[in-house]
Amino acid sequence: MTRSSRILLTLAALSLLLVFVFPLWSITLEAPQYPEGLGMRIRVNTITGEGPHDLKNINNLNHYIGMKSIEPDAIRELAIMPWIVGLLVVSGLAAAALGRRWMLFAWLALLVGLALAGMVDFWLWEYDYGHDLNPQAAIKIPGMSYQPPLIGSKTMLNFKAHSWPGLGGWAAIGAGALAALASFLEVRRVRGARSGGGGSRSAALRALALSVALAASAFATACAPSGPVPVRIGEDDCSHCLMTVADARYATELITRTGKVHTFDSVECLAAFFLEQEADEVASLWVTDFHAPSRMVRAEDAFFLRSKDLKSPMGMDLTAFGDGIEPEAVLNAFMGEVLDWSGVLDVIRREGPPGHGMGGMRHGGHGTELR
C-alpha cells in the first residue's frame, strides 16, 4: 500500500472508536401527548433514552399495546458488539502498519459484511418487538403491528416514528468510505503501473475480486431472514399457482438464501414449488399453525393432517399444525392421516402438484402455463 492508503486505512480504523462514544442509531417518537417527543438511543453496548425518563415512558406505552419491554441487558447483540468493533479497530490498524494490499481489501469486505449483517439483525429485532404482541394487552387492534422503520419515518396510530443513524453510525459509514477510497486508490495505482509490474497488478486485482466476493457472500447471508415474513392476506399471490393468498390458516412461505420471499396459499403449493428448486438455494420453509393461525413454524418442525374434513385451498386437504397440540388430539377431532414434511413431499411426488391436469392452471395439461 502507498503511504496515503495506509493513512486512510488508519483513519478508518480510528474513526470506529467514535462508536464507543456516540449512539449508533436513534429512534424518535412524536405524538400530540408528547410535544417534545420521546427518544431512544442505541449504543454499542446498551440502549438509553434521549431524556432521563424516555426509555421508561416508551416501555410504558409499549405495555399498553402488548409490546415487550426493551431491556438492554437481555439483548445479546449488545454484549458482543463492543468486541466486534474492537476487532475491526485492531485489525485495521494492523493492516495499515503491515501495508499489505490484500489486507486492506479483506478489511473493507469484513466491515461491509458485518455492517450488512448488523442491519438485518436490527430489522429482525424491530420486527420481533413490533409483531410479537401480548394477546392480553389493554389495547388490541386486529391486524395492527408496531414495527418502526429501519431507516426513515413511519406513522403508527397517532405516533410518528423516525429512525436514523446516530453520530456513531455515521462514523462507521465514514470508516467504510475511507477504506473504499483507499481501495480505489490502490486499484488505480496498480492499473497505472508499468507493464513490468503485471504480476503485482494481477495479484492486487485477484485480492480485490476476493474482497468483493466476500462482501457479496456476507450480503447474501445477511439478507436471508432468519424468521418468517408476514404474508399479506388478500394481497400476496401464490408463487406456484398464482392465486391470491386468501386464507390465513393455510398461508406458507419459502425464503431463499439470497433473502427472496415466496408466498403460497397452501401447503401443497409450497411443497410443489420446493421440489422444483435446488435444495442449496432454500434457506427456510414456513407454514401457518392451523391451531394458532397468528404464528408460523418451520415446515420441518410441524406435522400435517391430510383429511377431507379440512379443505385446503388447492384441494389436496393438507393442513399444518405446530407444537401447541398433539397429533392424537387432532386425530380425535378430524379423521385423516398424520404426515411429517417428508411425507407431504412424497404425496406431491406421487400424485403430482396441485392443479395437475386442470386446464388453465399453471400445470394444466391443455391450458397456458403461467409463470
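A brief report on the enclosed structure follows. In every chain, residue numbers begin from 1 and rise along the written sequence. Whole-chain, interface and lining totals are the exception, using all residues; otherwise, since this is a predicted model, local features are given only for residues with pLDDT of at least 70 and side-chain atom pairs are given and counted only at 80 or more. Excluded from the side-chain calculations are hydrogens and water; all other atoms, namely the structure's heavy atoms, are used.

### Focus on the overall build of the chain
So, step 1. Labels follow the DSSP assignment, with helices taken as runs of H or I lasting at least four residues and strands as runs of E lasting at least two, numbered in each case from the N terminus. For the chain, the count of helices and strands is nine helices and twelve strands.
So, step 2. Relative accessibility under 20% of the residue-type maximum defines a buried residue, over 50% an exposed one, and the middle range a partly exposed one, all with a 1.4 Å probe and only protein chains included. Within the chain, buried positions represent 44% of all 371 residues.
So, step 3. Note on areas: these come from Shrake-Rupley sampling with a 1.4 Å probe, and a residue is covered only by the protein chains present in the view. Carbon and sulfur atoms make up 59% of the accessible area of the chain, which amounts to about 19500 Å² in all.

### A word on the nonpolar core
So, step 1. What makes a nonpolar core is a set of buried Ala, Val, Leu, Ile, Met, Phe, Trp, Tyr and Cys residues whose side-chain atoms join them at distances within 4.5 Å. Among the nonpolar cores identified, the biggest contains 28 residues, and Leu-254, Leu-285, Val-287, Phe-304, Trp-341 and Val-344 are the most heavily contacted of them.
So, step 2. Elements that contribute at least two residues to this core include exactly α7 (267-275), β8 (282-288), β11 (318-321) and α9 (341-351).
So, step 3. Examining the composition of this core, we find that seven residues originate from one element, α7, more than from any other.
So, step 4. For Val-287, the contacting residues outside a window of four places in its chain are Ala-251, Thr-252, Leu-270, Arg-295, Met-296, Val-297, Ala-299, Ala-302, Phe-304 and Ala-320.
So, step 5. In this structure, Val-19, Val-85, Leu-104 and Phe-105 belong to the second largest nonpolar core, which totals 24 residues. Whether two residues are in contact is decided by their heavy atoms, any of which lying within 4.5 Å being enough.

### Side note on unusual backbone geometry
Most peptide bonds take the trans configuration, and most residues that are not glycine carry a negative phi.
So, step 1. Phi at Leu-242 is positive, roughly 75°, even though this residue is not glycine.
So, step 2. Judged by its relative accessible area of 36%, Leu-242 is partly exposed.
So, step 3. Despite not being glycine, Asp-317 has its phi angle at roughly 60°, a positive value.
So, step 4. Under the relative-accessibility criterion, Asp-317 is labelled buried at 8%.

### Here's the deal with the packing of helix α3 (residues 77-98) against helix α4 (residues 101-131)
So, step 1. Viewed as axis vectors pointing N to C, α3 and α4 meet at an angle of 165°, and their least axial separation amounts to 9 Å. Relative to α4, the element α3 is oriented roughly antiparallel. Classified by chirality, the crossing of α4 by α3 is left-handed. Between α3, through Glu-77, Ile-84, Leu-88, Ser-91, Gly-92, Ala-95 and Leu-98, and α4, the contact on the second element is made entirely by Met-103, Trp-107, Leu-110, Leu-111, Leu-114 and Asp-121. To obtain an axis, a line is fitted to C-alpha atoms, over the contacting stretch when the element is a helix, and the angle between two such axes runs from 0 to 180 degrees between their N-to-C directions. Throughout this description, any angle smaller than 35 degrees is read as roughly parallel, any larger than 145 degrees as roughly antiparallel, any in the 65 to 115 degree range as roughly perpendicular, and the remainder as oblique. Handedness of a crossing is defined here by the sense of rotation of the near helix relative to the far one, left-handed for an anticlockwise turn of less than a right angle and right-handed for a clockwise turn.

### What to know about the sheet that holds strand β10 (residues 303-306)
So, step 1. Strand order in the open sheet formed by three strands is β11-β10-β12, with antiparallel pairing between adjacent strands. Single-partner strands in this sheet number two, and they are β11 and β12 (337-339). If you compare each strand with its neighbour and ignore which way they point, the axes differ by 30° on average.
So, step 2. Examined bridge by bridge, β10 and β11 share four bridges and lie antiparallel to one another. Its bridge partner lying in β11, Leu-305 is registered against Thr-319. For two strands to be treated as a pair, DSSP must find no fewer than two bridges joining them.

### Observations concerning the sheet that holds strand β4 (residues 152-156)
So, step 1. Strand order in the open sheet made by the five strands is β3-β2-β1-β5-β4, with antiparallel pairing throughout. Among the strands making up the open sheet, the edge pair consists of β3 (47-49) and β4. On average, adjacent strands in this sheet sit at an angle of 20° to one another, irrespective of strand direction.
So, step 2. Where helix α2 (residues 54-65) meets the sheet, its contacts fall on β1 (25-31), β2 (34-42), β3 and β5 (159-165), and the angle it forms with β2 comes to roughly 100°.

### Comments concerning the side chain of Ser-15
So, step 1. Note on placement: Ser-15 falls in helix α1 (residues 3-15).
So, step 2. The buried category is assigned to Ser-15, whose relative accessible area is 15%.
So, step 3. Those residues in contact with Ser-15 that sit more than four places away from it in its chain are Ala-171 and Ala-175.

### A word on the packing of aromatic side chains
So, step 1. Only Phe, Tyr and Trp rings take part, Trp by its six-membered ring, and two of them pair if their centres are within 6.5 Å. Stacked means planes under 30 degrees apart, edge-to-face means over 60, and tilted covers everything else. Enumeration over the complete set of coordinates arrives at ten aromatic pairs.
So, step 2. On the basis of an interplanar angle of 50° and a centroid distance of 4.8 Å, the ring pair of Trp-125 and Tyr-129 is categorised as tilted. Here Trp-125 and its partner Tyr-129 are both found in helix α4, four residues apart, which amounts to about one turn of the helix.
So, step 3. Ring plane angle 55° and centroid distance 5.1 Å describe the contact between Phe-264 and Phe-273, whose orientation is recorded as tilted. The residues Phe-264 and Phe-273 share a single accessibility class, namely buried.
So, step 4. We call a charge positioned above a ring when the Lys NZ or Arg CZ atom is no farther than 6 Å from the ring centre and deviates by at most 35 degrees from the ring normal. Lying over the aromatic face of Tyr-129, Lys-68 brings its terminal NZ or CZ to 5.2 Å of the ring centre.

### Examining the pattern of salt bridges
So, step 1. Here, a salt bridge means any side-chain nitrogen of Lys or Arg that lies within 4 Å of a carboxyl oxygen of Asp or Glu. Summed over all chains, the structure comprises 14 salt bridges.
So, step 2. The shortest N-O distance in the salt bridge between Arg-232 and Asp-236 comes to 2.7 Å.
So, step 3. Taking the relative accessible area as the measure of exposure, Asp-236 reaches 10% and is therefore buried.
So, step 4. Across the pair Arg-349 and Asp-346 runs a salt bridge, and its minimum N-O distance is 3.0 Å. Here the residue Arg-349 and the residue Asp-346 both occupy positions in helix α9, the gap between them amounting to three residues, near one helical turn.
So, step 5. For Arg-349, a relative accessible area of 53% puts it in the exposed group.
So, step 6. Residues participating in the shared-partner salt-bridge network are Lys-68, Asp-128 and Asp-132.

### Some remarks on the environment of Phe-334
So, step 1. Looking at where Phe-334 falls in the secondary structure, it is placed in the loop between α8 (327-333) and β12.
So, step 2. Look at Phe-334 and you get partly exposed, because its relative accessible area is 23%.
So, step 3. With 24 residues separating them in the primary sequence, Phe-334 and Leu-310 have C-alpha atoms 7.9 Å apart.
So, step 4. Sequence-distant contacts of Phe-334, defined by excluding residues within four places in its chain, comprise Leu-305, Ser-307, Asp-309 and Leu-310.

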